[in-house]
Amino acid sequence: MKHTLGKEERLKSRKLIGRLYAEGNSVKAFPLRMMYLQTAHTSNFPAQVGVSVAKRNFKKAPDRNRLKRLMRETYRLQKEIVYDNLENPYVFMISYIGREERPYEELFTKMNKLLHTFIKEVKNKSDEKI
């Protein structure tokens, strides 16, 4: 698998983002929270992802941008966890809910925990439907 995060893998649709926050579920691994929704999207990839950092917690744009860059990087390096375990297309938004910046290594381990928690949730929901 290529470790890239191209345009088609990013969540950009305002309609999908609105539906995600209205109908989606969430999982947490502090300081990260993932809102997810199983829905069709325009991409050929099994998932589309977006990242966000609250302006309320980080007033300066360079601080928010750095955190978003770190979150995209940690997701990019570990996305095969999600891709190998999904059958249906998903969209999700990963938000940084902490109030201070964490080091890259900690974000990497928290992203790993978040993605594994997400996979467990999806598998549990699919088992309940059967």
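As the structure is a computational prediction, the values presented were derived from the model and not from experiment.

This paragraph deals with the packing of aromatic side chains. Centre-to-centre distance and the angle between the planes together describe a pair of aromatic rings. What the rule picks out here adds up to eight aromatic pairs. Judged by centre distance (5.0 Å) and plane angle (70 degrees), the rings of Tyr-36 and Phe-118 are edge-to-face. With Tyr-36 in strand S2 (residues 32-38) and Phe-118 in helix H4 (residues 104-129), this residue pair connects regions lying 82 residues apart in the sequence. Summarising the burial analysis for this pair, Tyr-36 and Phe-118 share the class buried. An aromatic cluster is present here, built from Tyr-36, Tyr-75, Tyr-90, Phe-92 and Phe-118 joined pairwise through their rings.

This paragraph deals with the layout of surface pockets. The volume enclosed by the largest pocket comes to roughly 270 Å³. Lining the largest pocket are 14 residues, and of these Gln-38, Asn-88, Tyr-90, Val-122 and Lys-129 lie nearest its centre. Those elements giving two or more residues to the lining of the largest pocket turn out to be S2 and H4. Among the elements that make up the lining of the largest pocket, the one with the highest residue count is H4 (five residues). The class makeup of the residues in the lining of the largest pocket is five nonpolar, five polar and four charged. Here the second largest pocket defines a volume of roughly 180 Å³. Lining the second largest pocket are Leu-5, Arg-10, Leu-11, Lys-12, Ile-17, Val-49, Gly-50, Val-51, Lys-68, Arg-72, Tyr-75 and Met-93.

Moving on, we come to the nonpolar core. If you look at soluble globular proteins, the nonpolar side chains tend to sit buried side by side. With 30 residues, the main nonpolar core has Met-34, Tyr-75, Phe-92, Ile-94 and Phe-118 as its most contacted residues. Elements with a contribution of two residues or more to this core: strand S1 (25-29), S2, strand S3 (47-53), helix H2 (61-78), helix H3 (80-83), strand S4 (90-96) and H4. Ranked by residue count, the leading element in this core is H4, at seven residues. Once residues lying within four places of it in the same chain are set aside, the contact partners of Met-34 are Asn-25, Ser-26, Val-27, Phe-92, Met-93, Ile-94, Leu-114, Leu-115 and Phe-118. Membership of the second largest hydrophobic core comes to seven residues, among which are Leu-16, Leu-20, Val-91 and Met-93.

Reading guide: rules and limits
Residues numbered from 1 in each chain as written. Predicted model: local features only at pLDDT ≥ 70, side-chain atom pairs only at ≥ 80, totals over all residues. Heavy atoms only, no water. Phe/Tyr/Trp six-rings, centres within 6.5 Å; stacked < 30°, edge-to-face > 60°. Helix = DSSP H or I, 4+ residues; strand = E, 2+ residues; numbered from the N terminus. Buried < 20%, exposed > 50% of the residue type's maximum accessible area, 1.4 Å probe, protein only. 1 Å grid on protein atoms, 1.4 Å probe; cavity = no way out; pocket = protein on both sides within 12 Å on 5 of 7 lines; lining within 4 Å. Points joined across faces, edges and corners; volume = space filled by probe spheres on them. Nonpolar A, V, L, I, M, F, W, Y, C, P; charged D, E, K, R; others polar. Core = buried A, V, L, I, M, F, W, Y, C linked by side-chain atoms within 4.5 Å. Contact = heavy atoms within 4.5 Å.

Any functional reading would require information that these geometric values do not contain.
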